[in-house]
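Chain by chain, the residues run as shown.
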Number of protein chains: 2
Amino acid sequence: MPYFDAASAAPLHPVARQALLAALDEGWADPARLYREGRRARLLLDAAREAAAEAVGCRPDELVFTSSGTTAVHAGIAGALSGRRRVGRHLAHSAVEHSSVLHAAAAHEAAGGSCTEVPVDRFGAVDPAAFGAALRADTALACLQSANHEVGTEQPVAEVAALCAGAGVPLLVDAAQSLGWGPVPAGWSLLAASAHKWGGPAGVGLLAVRKGTRFSPQGPAGERESGRAPGFENLPAIVAAAASLRAVRDGAAAEAVRLRALVDRIRSVVAERVPDVEVVGDPVRRLPHLVTFSCLYVDGETLLHELDRREFSVSSGSSCTSSTLTPSHVLKAMGVLSEGNVRISLPPGTAGADVDRFLEVLPEVVAEVRERLGAPATAPPSPAPAASLVVDALGRRCPIPVIELAKVIGEVAVGATVTVLADDEAARLDIPAWCEMRGQEYVGEEPADRGSAYVVRRLS
Amino acid sequence: MPYFDAASAAPLHPVARQALLAALDEGWADPARLYREGRRARLLLDAAREAAAEAVGCRPDELVFTSSGTTAVHAGIAGALSGRRRVGRHLAHSAVEHSSVLHAAAAHEAAGGSCTEVPVDRFGAVDPAAFGAALRADTALACLQSANHEVGTEQPVAEVAALCAGAGVPLLVDAAQSLGWGPVPAGWSLLAASAHKWGGPAGVGLLAVRKGTRFSPQGPAGERESGRAPGFENLPAIVAAAASLRAVRDGAAAEAVRLRALVDRIRSVVAERVPDVEVVGDPVRRLPHLVTFSCLYVDGETLLHELDRREFSVSSGSSCTSSTLTPSHVLKAMGVLSEGNVRISLPPGTAGADVDRFLEVLPEVVAEVRERLGAPATAPPSPAPAASLVVDALGRRCPIPVIELAKVIGEVAVGATVTVLADDEAARLDIPAWCEMRGQEYVGEEPADRGSAYVVRRLS
């Protein structure tokens, strides 16, 4: 059962398991107590903090353990914003941050703050100059992920950090996806991460705040972790998290080379064997283990189910696989196709043979799903005399509106338009993406009685 | 090495350990994912929620798992206050709540809300009528613990719940100390608890919110646990927490009887064998496993160290064992002696022989510490002709000011006064408590150039 969703959660690393078991026996007591069980717990906590700080590249007294990566991000953003509220209440962040950052930004806006979302290019990366331009005199904090969790693109952290330093703005780096692979480039003021992404247990995040960064913890006061993370320390899990971070780092360089080659193979073979596919994310500046692609005319949820039936566990940013029925905000910000989206993130140790088998299975599965949905053949549309057409896809979910568009584009004359009426949120992203992939012109979106009217001009 | 501090943290229950190990293998994946590892995790999460809800006495959809008891309390108070902000911004709570409640109340006050602290009697219990009187037209929420964490006294939850219901005010019950022993009496609107208090792992709390209770989660939006607990679910620990709650409950009735007898023995033998001791907390309406006493003329930190040297792990609410150098707010609210304070909380399975050995060792240790500090003999003061006296204990820490007072009380005439100058925070609590224990009159506190002047009149 190949599991290709390490970016969601990785199975517990053997070193983490071993450390957890030992710490359950030795580290269950309150590290704030004076008796021997408490002192033993304190020693374990101190050692874990030192190990984690070394891996992060900070001082132990700059690092606290939180209950998750999400709470680390929330606490870091709230504390940094409050610490600099005299400077202003502006927050700058990329458009493709993890939802924990976006939710914290939304809460900040709801409380009267202001935010600037820095756009990304088609690879998912911010332009450092654009990020720099978003920094204002009243910017209290900037947030940039080290690498994107959905498409794997690495962000230009060092360049952005230099611009932030020049502007006197602290930079919070969400390093959740990359910390297991190596330290974040210098220049950050705050750093957040999550242990279960690197093979540690769930229930542990970390937040590092550089000395000198103004920081004012929010929420009720806390007696533990320098007042930055409320509640009794989850010590056995913290010990396991620190031990596994050290262990995965030891093997990271070699494993990165191996997984990078497997991902390169996926990138090229998928593009080769699956027609009408868009492989997204930066092909070079990216996480070693992660690749994402979208398949035209495919329903993401069905695709995931069919892959699951064949024992491949992958995730998707398609709208039909989200509870909100909207496509991933990352794919949206990149302007790439979201239908039939598949994210592969290989856990360390992934066998090449499993990847090969996936690459054999995938084209069949995609073809099957397309056939079931009545997707058009991929041959280019033939010349045809018809005038402009309107396609009614109201009430139909992704990928049907795009399939309907593709079916009729050959029926209108070159230069004429097809207007697609649709009320599925994904159409707004996927119709322009289809035009880009197919070499047709996306004219624009017009309001309609129900949903929207998306106008496409046939060019070829 | 008898460990008598179960109220801080209990060693992992064997059932919890077993469940944790199994769930580390089966429940590491994201329960929100559609593939088999995710579905398996979801099943485990649902089963854990059902088991915990049954133990709590609520519906599974009323209960969420948080990252600790503290975060459950914080989230519960913030959400309930916000849900009823149109009613008003008043919060009523007892004076002896856990620090997580008091910190949330302080944060509420700092944000412009108002709080009423309901006092407790000398046993540490609130008077239901007094609690009822604290409820106002603008009271958004009331908080009452099920039982006190420092002295074991059970609160009149059912009576207070009835008064709250009458006033239309939701009641949050912090059940951290009692949930392992049995369900909380009906009538609560919100309930918070902490798994590591019942032998579950650290890193798991639970928050139940009855349907119909107005509740508006605060902080950044979350996608998990009904938006009431941010971050990836700590699933293996949640599974272990639920399994161990069920397991400890199965044996709770029998074990409560056994531990109650051991605690009764401690209560009577300590009072018998240790001179000048005050056993605090309700002798009947109390947790089965917890007892607290304070020893006159004893330095709490030294006492703990000496007990630790003899392999007994206990905790203390004395000022000298806290980082803030102030005595426990619970002892303060009760108006009982804080010096030489010892809290014993027996984990399930505690051997009677260990308790017996403790009762042999304790009197020796107390006598030793007193001798080292030059504490006065316990004989009642003899008549003496001297006029009133002033004792300068400025700059001296607990228990020295009380020792100095006790040394000279016999030197003044009956009806005359001793004035103790002291700047140690504990004196404010311990000098009146000493008067109560010794049958002398505490006249009052007067301002002084440095610290305070505590005036005591000799009565006998």
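Residues numbered from 1 in each chain as written. Chains lettered and ligands numbered in written order. Predicted model: local features only at pLDDT ≥ 70, side-chain atom pairs only at ≥ 80, totals over all residues. Heavy atoms only, no water.

S.K.: Please explain the domain arrangement of chain A as it appears in this structure.
M.R.: Interface size, as often reported, equals the accessible area lost upon joining of the parts. Residue and element names in this part refer to chain A. The assigned domain composition of chain A is domain 1 (14–248), domain 2 (253–373) and domain 3 (389–457). Using C-alpha coordinates to define each centre, domain 1 is positioned 28 Å away from domain 2. Counting from both sides, the interface comprises 24 residues of domain 1 and, opposite them, 25 residues of domain 2. Note on domain 1 versus domain 2: buried area summed over both sides is about 2,000 Å², and carbon and sulfur give 58% of it. The largest per-residue losses of area from domain 1 upon contact with domain 2 belong to Arg-122, Glu-150 and Trp-181, which jointly make up 37% of the total buried on that side. (Domains from an automatic or database assignment. Contact = heavy atoms within 4.5 Å. Buried area = accessible area lost by both parts, 1.4 Å probe.)

S.K.: What's the story with the interface of chain A and chain B in this structure? I'm lost.
M.R.: Each partner contributes residues to the interface: chain A has 56 residues there, and chain B has 55 residues. Together, the buried faces of chain A and chain B total about 4,500 Å²; carbon and sulfur atoms form 61% of this surface. Here chain A and chain B share ten salt bridges between them. Between chain A and chain B we count 17 residue pairs in polar contact (both at pLDDT 80 or more) in total. For the side of chain A that touches chain B, the secondary-structure elements that each account for two or more residues are α1 (14–26), α2 (36–56), α3 (69–83), α4 (99–110) and α8 (300–309) of chain A. By residue number, the principal contributor to the side of chain A that touches chain B is α1 of chain A, which donates five residues. (Salt bridge = Lys/Arg side-chain N within 4 Å of Asp/Glu carboxyl O. Polar contact = N/O pair within 3.5 Å; in protein donor to acceptor, adjacent residues only side chain to side chain. Helix = DSSP H or I, 4+ residues; strand = E, 2+ residues; numbered from the N terminus.)

S.K.: Is there a simple way to explain the side chain of Arg-286 of chain A in this structure?
M.R.: Residues and elements named next belong to chain A. Tracing the sequence through the fold places Arg-286 in the loop between β8 (277–280) and β9 (290–295). Arg-286 gets classed as buried once you look at its relative accessible area, which sits at 0%. Of note is the side chain of Arg-286, whose polar atom sits 2.6 Å from the side chain of Asp-264. Here Pro-283 takes part through its backbone oxygen, which lies 3.1 Å from a polar atom of the side chain of Arg-286. Ignoring anything within four residues of it in the chain, the contact list for Arg-286 reads Gly-152, Thr-153, Glu-154, Arg-260, Val-263, Asp-264 and Arg-267. (Buried < 20%, exposed > 50% of the residue type's maximum accessible area, 1.4 Å probe, protein only.)

S.K.: What am I meant to see in the packing of α1 of chain A against helix α7 (residues 235–273) of chain A here?
M.R.: In a pair of packed helices, the angle between the axes and the distance between the axes together describe the arrangement. All names here are of chain A. Two elements in contact, α1 and α7, have axes whose closest approach is 8 Å; the angle formed by their N-to-C orientations is 150°. Regarding the angle of α1 to α7, the classification is roughly antiparallel. Where α1 crosses over α7, the two elements pack in a sense that is right-handed. Residues Val-15, Ala-16, Ala-19, Leu-20, Ala-23 and Leu-24 of α1 touch α7, and the partners they reach there are Pro-236, Ala-237, Val-239, Ala-240, Ala-243, Ser-244 and Ala-247. (Axes fitted to C-alpha atoms, helices over the stretch in contact; angles between N-to-C directions. Parallel < 35°, antiparallel > 145°, perpendicular 65-115°, else oblique. Left-handed = near helix turned anticlockwise from the far one by under 90°.)

S.K.: What should I look at first to understand the sheet that holds β9 of chain A in this one?
M.R.: Two orientations exist for strands paired in a sheet by backbone hydrogen bonds: parallel and antiparallel. Residue and element names in this part refer to chain A. An order of β8-β9-β10 is seen for the three strands of this open sheet, with the pairing classed as antiparallel. Both edges of this open sheet fall to β8 and β10 (341–345), since each of them pairs with a single strand only. On average, each strand axis in the sheet is tilted by 20° relative to the strand beside it, whichever way the strands run. One ladder, built from five bridges, connects β9 with β10; its direction is antiparallel. The residue bridging Thr-292 from the neighbouring strand is Arg-343, located in β10. (Pairing = 2+ DSSP bridges.)

S.K.: How should I be thinking about the packing of aromatic side chains in this particular structure?
M.R.: Geometrically, a pair of aromatic rings is defined through the distance of the ring centres and the angle of the planes. Overall, the coordinates contain ten aromatic pairs over all chains when judged by the stated rule. Taking the centre distance of 5.6 Å and the plane angle of 85° together, the rings of Tyr-35 of chain A and Tyr-3 of chain B count as edge-to-face. Of the two residues, Tyr-35 of chain A sits in the loop between α1 and α2 while Tyr-3 of chain B sits in the segment before α1 (14–26), which places them in two different chains. Judged by relative accessible area, Tyr-3 of chain B falls into the buried class, the value being 8%. One aromatic cluster is present, formed by Tyr-3 of chain A together with Trp-28 and Tyr-35 of chain B through successive ring pairs. One Lys or Arg, Arg-210 of chain A, reaches over the ring of Trp-188 of chain A and ends 4.0 Å from the middle of that ring. (Phe/Tyr/Trp six-rings, centres within 6.5 Å; stacked < 30°, edge-to-face > 60°. Lys NZ or Arg CZ within 6 Å of the ring centre and 35° of its normal.)

S.K.: Looking at this structure, how should I read the relation of the copies chain A and chain B?
M.R.: What relates the two chain copies is a rotation about an axis together with a slide along it. For the pair chain A and chain B, the superposition axis carries a translation of 0.0 Å, the fit reaches an RMSD of 0.0 Å, and the rotation angle comes to 180°. With respect to symmetry, the two chain copies, as superposed, fit the operation of a two-fold axis. Here 98% of the interface residues in chain A have copies in chain B that are interface residues too; the copies meet face to matching face. (Least-squares fit on C-alpha atoms with pLDDT ≥ 70 in both.)

S.K.: Looking at this model, I keep getting lost on the sheet that holds strand β5 (residues 171–174) of chain B. Mind explaining?
M.R.: All names here are of chain B. With mixed pairing, seven strands are arranged side by side in an open sheet as β1-β7-β6-β5-β4-β2-β3. Strands with a single pairing partner mark the edges of an open sheet, and in this sheet they are β1 (63–66) and β3 (114–118). Across the sheet, the axes of successive neighbouring strands diverge by a mean angle of 20°, strand direction being ignored. Pairing between β5 and strand β6 (residues 190–194): three bridges, direction parallel. Across the sheet, residue Leu-172 finds its bridge partner in β6, namely Leu-190. Strands β2 (90–94), β3, β4 (139–145) and β5 of the sheet are contacted by helix α4 (residues 99–110), whose axis makes an angle of about 155° with β2.

S.K.: Would you mind going over the state of the cysteines with me for this structure?
M.R.: By definition, a disulfide links the sulfur atoms of two cysteines through a covalent bond. Residues and elements named next belong to chain A. A full pass over the atoms with the stated rule returns zero disulfides over all chains. The thiol of Cys-164 is unpaired, and the distance to the nearest cysteine sulfur, on Cys-143, comes to 9.5 Å. With no disulfide partner, Cys-435 has as its closest neighbouring cysteine sulfur the one in Cys-398, 15 Å distant. (Disulfide = S-S within 2.5 Å.)

S.K.: Is there a simple way to think about the UniProt feature "domain: UPF0033" (unreviewed entry) in chain A in this case?
M.R.: Summarizing the sequence annotation, UniProt attributes the feature "domain: UPF0033" (unreviewed entry) to residues 391–415 of chain A in the numbering used throughout. Taken end to end, residues 391–415 of chain A comprises 36% helix and 8% strand; its first and last C-alpha atoms sit 17 Å apart. (UniProt positions renumbered as here; feature names shortened; annotations may be inferred.)

S.K.: Whenever I open this one, the pairing of strand β13 (residues 441–447) of chain B confuses me. Can you help?
M.R.: The two faces of the sheet receive side chains in turn, since in a regular strand these alternate between them. All names here are of chain B. Where β13 lies against strand β14 (residues 452–457), six bridges are found, and the strand directions are antiparallel. In the sheet register, Tyr-442 faces β14, and the bridge partner there is Val-456. As consecutive antiparallel partners, β13 and β14 are separated by four residues, and within that stretch Gly-451 has a phi angle of approximately 60°, a positive value.

S.K.: Whenever I open this one, the side chain of Thr-350 of chain A confuses me. Can you help?
M.R.: Residues and elements named next belong to chain A. Mapped onto the secondary structure, Thr-350 falls in the loop between β10 and α10 (352–373). At 2.5 Å, the side chain of Thr-350 forms a polar contact with the backbone oxygen of Pro-347. Not counting residues within four places of it along the chain, the set of residues in contact with Thr-350 comprises Phe-4, Glu-255, Arg-258, Leu-259, Leu-262 and Val-355.

S.K.: How do you make sense of α10 of chain A when you look at a structure like this?
M.R.: What sets the pattern is the α-helix's 3.6 residues per turn: residues three or four places apart point alike. Residue and element names in this part refer to chain A. For α10, which comprises 22 residues, the first-to-last C-alpha distance of 32 Å matches the rise-based estimate of 32 Å (1.5 Å per residue) to within 8%. When the local axis directions of α10 are compared, the greatest deviation, roughly 25°, occurs at Val-361, which is followed within four positions by the proline Pro-363. At its buried positions, α10 is contacted by α7, β9, α8 and β10. Within two residues after α10, Gly-374 carries a phi angle of roughly 70°, on the positive side. (Expected span 1.5 Å × (residues − 1). Bend = angle between axes of the 7 residues up to and from the residue.)

S.K.: Would you mind going over the nonpolar core with me for this structure?
M.R.: Looking at soluble globular proteins, one finds that nonpolar side chains tend to be buried together. Leu-206 of chain A together with Leu-206 of chain B are the most contacted members of the largest nonpolar core, which has 122 residues in total. With sequence-adjacent residues up to four places away left out, Leu-206 of chain A is seen in contact with Ala-52, Val-56, Leu-63, Val-64, Phe-65, Thr-66, Ala-72, Leu-179, Leu-191, Ala-192, Ala-193 and Trp-198 of chain A. (Core = buried A, V, L, I, M, F, W, Y, C linked by side-chain atoms within 4.5 Å.)

S.K.: Help me out: how do you make sense of the pattern of salt bridges in this one?
M.R.: Any two side chains of opposite charge can pair, given that their charged atoms come close. Residue and element names in this part refer to chain A. Scanning the model with the defined rule gives 68 salt bridges over all chains in all. Linking Asp-30 and Arg-224 is a salt bridge whose minimum nitrogen-to-oxygen distance equals 2.9 Å. Here the residue Asp-30 occupies a position in the loop between α1 and α2, and Arg-224 occupies one in the loop between β7 (205–209) and α7, the gap between them amounting to 194 residues. Arg-224 carries the same exposure label as Asp-30, and that label is buried. One salt bridge connects Arg-49 with Glu-225, and the closest N-O pair in it is separated by 2.8 Å. Of the two residues, Arg-49 sits in helix α2 while Glu-225 sits in the loop between β7 and α7, which places them 176 residues apart along the sequence. No difference in accessibility class separates Arg-49 from Glu-225, as the two residues are buried.

S.K.: Before we go on, may I ask you to explain the pairing of β4 of chain B in this structure?
M.R.: Residues and elements named next belong to chain B. β4 sits mainly inside the fold: seven of its seven residues count as buried. Of the pairings in the sheet, the one linking β2 to β4 comprises four bridges and is parallel in character. Bridge assignment links His-93 to a residue of β4, and that residue is Cys-143. Relative to β5, β4 is paired through four bridges, and the arrangement is parallel. Note that in β5 the partner of Leu-144 across the bridge is Val-173.

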